[in-house]
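Structural features, examined
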Amino acid sequence: MNFKKLVKFNINNFIPYKSARSMCVNGSVWLNANESPVNNEFFLLNKNLNRYPYPQPKNIILRYSKYSKVNFNNVLISRGIDESIELFTKIFCRPKIDKIMYFSPTYDMYRITAEIFRIDTVNIFLKNYNNFNYDIIRKNIKFLKLIYICRPNNPTGDIMPKEILINILNICKKTSLVIVDEAYIEFCCYKSVVHLIDKYSNLVVLRTLSKAFGLAGIRCGFSIANSEIINILNKFIAPYPIPTPVCNIVNKFLSNKFISFMKKSVLEINKNKNWLFKKLKKIYFIKKVFKSYANYILIKCISSDFIIKKLESKGIILRDQNKNFGLKNCIRISIGTKLECKKLIYELKKISYKNIF
Ligand SMILES: *Cc1c(COP(=O)(O)O)cnc(C)c1O
């Protein structure tokens, strides 16, 4: 039997998401998935594993709504942001009729999820935020259901100015949802737009525990929006999205004590980022170091392929962006511990001394 034919897609044409973890390489310094470099300690309670969990555990929603300064009924918990993206695509977009828009280079799951559900995409390439072209939104506004804005943007690390975002919200006030992906917002929390959900009912903010909270392994995220949207999401989400052990862990890590611990580690990472930024700028084969509002730095060098391979042989794993349109020879570096940052600079300098380029 030809299973490739059984699948509803042309598998040969489909480019799936390549997660950092799926690439089997040996390393000791992992700077490729924007994870937290510090581990969290936890203990499981696991009292009632024979029972289904609560679909939307009240204690967690309450804690997260307090943490993000919104109301209880503005929050939905999901299996990471990736499940939220899937939910919005499934619920709001009709195949071959509706469209989604995103601004590249950006997080690849907006495109991939749309393709899986056969939703047309409008991909706007943004070199920077100067002279933002609003007409392109107006021109596509018919059947445009979702506009994704990754803020701070992965992999460039920049942040769309709030004025532009507000203009976009106004342009599609009656037609489309504007989904702001704040996966990295803790690294620049004063930039969050979550307080705008009351004023703009078409605004959705996506959040996760995978990055600043250091809990990528438990797969937990949140959608924040006006209560009507949250009610709709609740109708369509899988019956029991969050396993009981995950609920136990999340409940613990949304305590005041742990939130202040998380904030401290964010300060530490930002300190390492500033240190790394200065050091990277001094290396001659690095042509550009992008300013970043998140826990990673994008660099453009002479040969990304050579650098990636060379560092991999030293156990340092980085994320190649060379195939991303507009990011030729770019590499994304997640910010690790100070020691990991030092190791990285040590190895880069060694390449530098050899004067290969
Ligand atoms: C890492 C990342 C996500 C994934 O979040 P999960 O909650 O782990 O699914 C979503 N958006 C962006 C921009 C990311 O970089």
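Placed above this text is the structure.
Quick caveat, the model's predicted, so the values are computed rather than measured.

About the criteria used
Starting afresh in each chain, residues are numbered from 1 along the sequence in its written order. Reporting in this predicted model follows two pLDDT cut-offs: at least 70 for local features of residues, and 80 or more for side-chain atom pairs to be given and counted; totals over whole chains, interfaces and linings ignore these cut-offs and use all residues. Side-chain calculation: all heavy atoms of the structure are included, whereas hydrogens and water are not. Helix numbers and strand numbers start at the N terminus; a helix is a DSSP run of H or I with at least 4 residues, a strand a run of E with at least 2. C-alpha atoms define the radius of gyration in this analysis, and the globule rule sets the expected value at 2.2 Å times the number of residues to the power 0.38. Any two residues having at least one pair of non-hydrogen atoms within 4.5 Å are treated as being in contact. Residue-level accessible areas treat just the shown protein chains as cover; the underlying method is Shrake-Rupley with a 1.4 Å probe. Asp and Glu are treated as the negative residues and Lys and Arg as the positive ones, with His and the ends of the chain left uncounted. Working definition for charges: the position is that of NZ of Lys, CZ of Arg, CG of Asp or CD of Glu. When at least one non-hydrogen atom of a residue lies within 4 Å of a molecule or strand, that residue is treated as near it. Whenever two N or O atoms come within 3.5 Å, that pair is a polar contact, provided that in protein one can donate a hydrogen and the other can accept it, and provided that, for residues adjacent in sequence, both atoms are side-chain atoms. In this classification, the charged set is Asp, Glu, Lys and Arg, the nonpolar set is Ala, Val, Leu, Ile, Met, Phe, Trp, Tyr, Cys and Pro, and all remaining amino acids, among them Gly, are polar. Axes here refer to lines fitted to C-alpha atoms; in helices the fit is confined to the stretch in contact. Angles between the N-to-C directions go from 0 to 180 degrees. Geometric relationships in this document are graded by angle, where less than 35 degrees denotes roughly parallel, more than 145 denotes roughly antiparallel, 65 to 115 denotes roughly perpendicular, and other angles denote oblique. Burial classification: accessible surface area is computed with a 1.4 Å probe over protein chains only, and a residue below 20% of its type maximum counts as buried, one above 50% as exposed, and the rest as partly exposed. DSSP-based pairing: two strands are paired if at least 2 bridges between them are found. Nonpolar core, defined: a set of buried Ala, Val, Leu, Ile, Met, Phe, Trp, Tyr and Cys residues in which side-chain atoms within 4.5 Å join the residues together. We call a pair of cysteine sulfur atoms a disulfide when they lie within 2.5 Å.

The next thing to look at is the overall build of the protein. Each helix and strand counted, the protein has 11 helices and 13 strands in total. The C-alpha radius of gyration computed for the protein amounts to 21 Å, which stays within 12% of the reference 21 Å derived for 357 residues, consistent with globular compactness. Taken over the C-alpha atoms alone, the protein extends approximately 60 × 55 × 50 Å along its principal axes. For the protein, contacts bridging at least 24 residues in sequence account for 73% of all contacts bridging at least 6. Roughly 18,500 Å² of accessible area belongs to the protein as shown, and the carbon and sulfur atoms make up 54% of that amount. Of the charged side chains in the protein, 60 are positive and 23 negative, and the gap between their average positions amounts to 3 Å.

Moving on: the site of the ligand. Neighbouring the ligand are 13 residues; Asp181, Tyr184, Thr208, Ser210 and Lys211 lie closest to it. Residue Asp82 places a main-chain N or O atom 3.1 Å away from an oxygen atom belonging to the ligand. Here an oxygen atom of the ligand and a side-chain polar atom of Lys211 are 3.2 Å apart. For the ligand, the protein covers 93% of the area, taking 380 Å² as the surface of the free molecule. At 3 residues, the largest contribution of residues to the shell around the ligand is made by helix α3 (residues 80-92). Residues that form the shell around the ligand fall into these classes: 5 nonpolar, 4 polar and 4 charged.

Close contact between helix α9 (residues 256-281) and helix α11 (residues 338-353) brings their axes to 10 Å; oriented N to C, the two are set at 5°. On the basis of their axis angle, the class for α9 and α11 is roughly parallel. Contacts between α9 and α11 involve Asn272, Trp275, Leu276, Lys279 and Leu280 on the former and, on the latter, Lys338, Cys341, Lys342, Leu344, Ile345 and Leu348. Taken together, the residues of the contact of α9 with α11 break down into 7 nonpolar, 1 polar and 3 charged.

On to the environment of Tyr293, then. Topologically, Tyr293 is positioned in the loop between β9 (286-289) and β10 (296-301). Aside from chain neighbours lying at most four places away, what touches Tyr293 is Pro152, Gly157, Asp158, Ile159, Tyr184, Phe187, Cys188, Tyr190, Lys191 and Lys273.

All right, on to the side chain of Ser352 then. Residue placement: Ser352 occurs in helix α11. A residue is classified by how much of its surface remains accessible, and Ser352, at 15% relative accessible area, is buried. With near-sequence residues (within four places) excluded, Ser352 lies in contact with Ile283, Tyr284 and Phe285.

In this section: the pairing of strand β7 (residues 203-208). Counting buried residues in β7 gives 6 out of 6 residues, a clear majority hidden from the surface. Where β7 and strand β8 (residues 221-224) come together, 4 bridges link them in antiparallel fashion. From the neighbouring strand, Thr208 faces β8, where its bridge partner is Gly221.

Counting 111 residues, the largest nonpolar core has Phe88, Phe103, Ile168, Leu209, Leu280 and Leu348 as the members making the most contacts within it. The leading source of residues in this core is α9, at 7 residues. Dropping the residues within four chain positions of it, Leu209 is found in contact with Tyr64, Gly214, Leu215, Ala216, Ile218, Cys220, Phe222, Val250 and Leu254.

Turning our attention to the state of the cysteines. Tallying each qualifying case throughout the model produces 0 disulfides. For the unlinked cysteine Cys341, the closest cysteine sulfur is that of Cys301, found at 17 Å.

A sheet is described by the order of its strands in space; here 4 strands give the open sequence β9-β10-β13-β12, paired in antiparallel fashion. Strands at the two margins of the open sheet, each flanked by one partner only, are β9 and β12 (319-320). In this structure, β12 lies alongside strand β13 (residues 330-334), joined through 2 bridges in antiparallel fashion. Bridging from a neighbouring strand, Arg319 pairs with Arg332 of β13. Lying over the sheet, α9 contacts β9, β10 and β13, oriented at roughly 5° with respect to β10.

So far we have only geometry, and geometry alone does not tell us how the molecule works.
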